[in-house]
Amino acid sequence: MPEKFLKPYDATATESRIYATWEKSGLFNPDECVKQGVTKADAPTYSIVLPPPNVTGRLHMGHALMLAVEDIFIRYKRMRGFRTLWVPGTDHAAIATQSVIEKQIKKEEGKSRHDLGRDEMLKRIGTFAAESHDTIVNQLKTMGASLDWSREAFTLDPARSHAVRTVFKQMYDAGLIYRGLRIVNWDPKGQTTISDDEIIYEERVAKLYTFRYSKDFPIPVATTRPETKVGDVGVAVHPDDARYAAFVGKEYDAVFCDVPIHIKVVADKEVDPTFGTGAVGLTPAHSKIDWDIADRHELSHEVIVINEYAKMTVAGRLKGKKTTEARDLVVEWLTSEGLLEKEEETKQNVATAERTGGIVEPLPKLQWFIEVNKEVPGRGKTLKELMLEPVRSGAIKIVPEHFEKTYFHWIENLRDWCISRQIWYGHRIPVWYKGEEIVVGEAPTDDGWVQDEDTLDTWFSSGLWTFSTLGWPEQTDDLNNYHPTDLLETGYDILFFWIARMVLMTEFTLGTIPFKTVYLHGLVRDAQGRKMSKSLGNNLDPLDVAAKFGADAARMALIVGNTPGTDMRISEEKIKGYSRFANKLWNIARFILENAQQADLQAPLSASDTELLATLEALTKEMTTDIEEFRVYMAAEKIYHYAWHELADKILEESKPLLAGTDAAARASRARVLLTLLDRVLRLLHPFMPFITEEIYQSMPSKETEFLMVATWPT
RNA sequence: GCGCUCUUAGCUCAGUUGGUUAGAGCGUCCGCCUCACACGCGGAAGGUCGCAAGUUCGAAUCUUGCAGAGCGCACCA
């Protein structure tokens, strides 16, 4: 028995050493596995692409959970003989990364991005992203992730950029990408548009004002935003509303708080006759709903009264005022003119930007969109339908299943996807202009062209991830072998952001699904059930945890008892518990190796020892089914329980008298079976606790393969 | 408003298609340095499975209603 077993198990020292030997072996790469003869060349493939962590800093426990789950499936499949590929990568995370740097520069140098200029700003972000990348790679390795580093990708590297431009052009040529003036969610703080999904609604108490545009205007109107009323072009009432029927179609002129306005009364079913006065003042340029209603009644969209800095652009007393100040001025004016009829409190959901917290201002802007309700040429279906179909048909399975309903619900409500962003970090829109001419895709070589200033929504490039990482648009072997991928594992919080967009992009580009199964994990919370955050200081850093208790222990703590789709709580106590389990396993190995190092592997087995093997075989079958059916939490708990409370507590205890006894046959039988049991336990536990199992395996008297990570999963 | 999830031991959670005395970890109490491990061992206490009704030979598990907690989407001007 090696001397190392005489000391308690030292996870930290062992883990980094073991990872280095794995990496050196090249066995994370399926091609290398085939070359070295541990995997058959014609074996079926199994692939996962790593959800690329944002290069905004470092990984958190949610990432650690993701890595644990994915590594379990990858290691399990590798041991089952699949050509197993897990592709690593990172995400440039456009807005998130840029805003980190912007804040930092503002704080340290008091400068804005416009002070630095586009090139300098991009240089700064690039430097930061590279540092983040290195930290993240180090963390991924620390957690034991058996990723094929030879295939690492970045959402903003040249190969991925080429894929982005290619898809953009194809969608543009298919008529699915268009540029149009639409109401977008403008974040005045971040100075960019954001998508519907980047909005957080905050409930606030607001005042609902009931007023008239002028003394002779026949209909009272209710609003929470009086300042926008200088931009009104109409009033909408419900077609069946008898109170106002007589006024429909009539037009009125007024001077509203120094601003001349022209109002037409229209009838529209969208209006709720029971809310407020049953009449809506229409401000097409500053409200999405009003824009749509105005569209239906051919009212002007062009009256813009608020700019990108959320300031008033009209002449008169409101000129240049912030919207909040303008609101007070308008109310003051209404009161003095005797036009204000009522002022009541109401609850209102205020749209705020997820990244900056700024209050979202709906503004009409020229933006790029992907049209989701238009038929895709050659497919006979809209993008929306293409997103729904594979999940409906079962071609894509979501675990846990009930998220399928959430997915459907979201897509059914989906509107055109605004893909342009007014930030600098990211894929620049691949469109060039020269006068009336336009070029899409690759940059023209002759002079005089100006590229679109905007960049693409970060999820555009993330949406290509399953195939852009495998070499598309080239028809590579990897693409043929590993796509569609088998599993996509991520947090349920990005079901819409990412999963849905990958389905959209892959269906459009390749006419197939990006993955067969979606496994959604829950949020990792602290011991009190709070979200982990910097401000609360309750973050657990995976690196610290690994240094203290070992990555194996952290992985077990994140897996056991954690069902997919359910939030979990993690504490140092729980992780500590599994570090003790690691030590237990260490001592099980010590005992068995001490007593059975010289065991005769041909010795005949006694009836009771045969039964011990049968029991473990039954457990093996259960575990295999559990993993196949995505119950890794059960498989982990079962092997934990077996190792500690069967093997150690019962089998080892009853072995002591047997091994010290005089019955040579019983002794030989027991020594042999103990060694076999240990070997099996190491294999079964390896996907969950890869480091310690590999370390013990290295001391086994006989080994099937050089490394446990490519040994055969027992049956 | 539409939809989803949860409610099981003091705490955190399992319990796969309904089937014998409902499990684990942590915690608590008692006793042990027993020659693999004190990062350990042995033992104990602790649950009317949110409430009510129904289906069934049988329900923590299925159905309905109620109560409480959380989440997603939409959003009213």
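Residues numbered from 1 in each chain as written. Chains lettered and ligands numbered in written order. Predicted model: local features only at pLDDT ≥ 70, side-chain atom pairs only at ≥ 80, totals over all residues. Heavy atoms only, no water.

Quick notes on the pattern of salt bridges
Applying the stated rule across the entire model yields 60 salt bridges. The salt bridge involving Arg124 is made with Glu120; its shortest N-O contact spans 2.9 Å. Here the residue Arg124 and the residue Glu120 both occupy positions in helix H6 (residues 118–142), the gap between them amounting to 4 residues, near one helical turn. Residue Glu120 is classed as partly exposed on the basis of its relative accessible area of 28%. Among the charged side chains, a salt-bridge network with shared partners connects Glu622, Asp626, Glu629, Arg631 and Lys638. (Salt bridge = Lys/Arg side-chain N within 4 Å of Asp/Glu carboxyl O. Helix = DSSP H or I, 4+ residues; strand = E, 2+ residues; numbered from the N terminus. Buried < 20%, exposed > 50% of the residue type's maximum accessible area, 1.4 Å probe, protein only.)

Structural notes on helix H3 (residues 61–79)
Here H3 spans 26 Å end to end across 19 residues, near enough to the 27 Å set by a 1.5 Å rise per residue. Counted residue by residue, H3 has 19 buried out of 19 residues, so it is predominantly covered. Just downstream of H3 lies Gly81, where phi reads positive at about 95°. (Expected span 1.5 Å × (residues − 1).)

So, the sheet that holds strand S22 (residues 450–451)
What the 3 strands build is an open sheet, ordered S21-S20-S22; its pairing is antiparallel. Either end of the sheet is taken by a strand with one partner, and the two such strands are strand S21 (437–440) and S22. Pairing geometry for strand S20 (residues 431–434) and S21, over 4 bridges, is antiparallel. Within the sheet, the bridge partner assigned to Trp432 lies in S21 and is Val439. (Pairing = 2+ DSSP bridges.)

Points about the packing of helix H18 (residues 572–596) against helix H21 (residues 664–685)
The N-to-C vectors of H18 and H21 enclose an angle of 150°; their axes lie 9 Å apart at closest approach. The angle between H18 and H21 falls in the class roughly antiparallel. Here H18 and H21 pass one another in a crossing that is left-handed. Residue-level inspection shows Phe581, Leu585, Ile588, Ala589, Phe591, Ile592, Leu593, Asn595 and Ala596 of H18 in contact with H21, the latter providing Ala671, Leu674, Leu675, Leu678, Val681 and Leu685. (Axes fitted to C-alpha atoms, helices over the stretch in contact; angles between N-to-C directions. Parallel < 35°, antiparallel > 145°, perpendicular 65-115°, else oblique. Left-handed = near helix turned anticlockwise from the far one by under 90°. Contact = heavy atoms within 4.5 Å.)

Considerations on the packing of aromatic side chains
As enumerated under the stated definition, the model contains 31 aromatic pairs in all. For the ring pair Tyr19 and Phe28, a centre distance of 5.4 Å and an interplane angle of 50° mean the geometry is tilted. Between Tyr46 and Phe82 the ring centres are 6.5 Å apart and the planes differ by 80°, which places this aromatic pair in the edge-to-face class. Within this pair, whereas Tyr46 is found in strand S1 (residues 45–49), its partner Phe82 is found in the loop between H3 and strand S2 (83–87), the two being separated by 36 residues in sequence. Sitting over the face of the ring of Trp417, Arg501 holds its NZ or CZ atom 4.3 Å from the ring centroid. (Phe/Tyr/Trp six-rings, centres within 6.5 Å; stacked < 30°, edge-to-face > 60°. Lys NZ or Arg CZ within 6 Å of the ring centre and 35° of its normal.)

A closer look at the side chain of Arg78
Position of Arg78 among the secondary structure elements: in helix H3. One buried charged side chain, Arg78, makes no salt bridge at all; its nearest oppositely charged neighbour is Asp71, positioned 5.4 Å away. In contact with Arg78, not counting residues within four places along its chain, are Leu27, Phe28, Thr84, Ser146, Met709 and Val710. (Lys, Arg positive; Asp, Glu negative; His and termini not counted.)

Considerations on the nonpolar core
Within the largest apolar cluster, 109 residues are counted, with the highest numbers of intra-cluster contacts made by Phe73, Ile575 and Phe688. Ranked by the residues each element gives to this core, the list is headed by helix H20 (residues 632–660), at 13 residues. Contact partners of Phe688, with chain neighbours within four places excluded, come to Ile72, Asp552, Arg555, Met556, Met623, Ile627, Val632, Ala635 and Ala636. One finds Leu388, Ile398, Leu495 and Ile499 within the second-largest nonpolar core, a separate group that totals 60 residues. (Core = buried A, V, L, I, M, F, W, Y, C linked by side-chain atoms within 4.5 Å.)

Observations regarding the protein's contact with RNA strand B
Around RNA strand B lies a shell of 44 residues, among which Phe275, Ile289, Asn349, Asn587 and Trp644 are the nearest. Among the atoms of RNA strand B lying within 4 Å of the protein, the sugar-phosphate backbone contributes 63%. Within the side chain of Thr223, one N or O atom sits 3.0 Å away from a sugar or linking oxygen of RNA strand B. Interatomic distance of 2.7 Å between a side-chain N/O atom of Thr563 and a phosphate oxygen of RNA strand B. Residue assignment for the surface near RNA strand B shows that the elements contributing at least two residues are strand S8 (221–223), strand S12 (279–282), strand S13 (340–353), helix H11 (403–412), H18 and H20. Residue contributions to the surface near RNA strand B peak at 10 residues, all from H20. For the surface near RNA strand B, the per-class residue count stands at 15 nonpolar, 15 polar and 14 charged. (Near = heavy atom within 4 Å. Polar contact = N/O pair within 3.5 Å; in protein donor to acceptor, adjacent residues only side chain to side chain. Nonpolar A, V, L, I, M, F, W, Y, C, P; charged D, E, K, R; others polar.)

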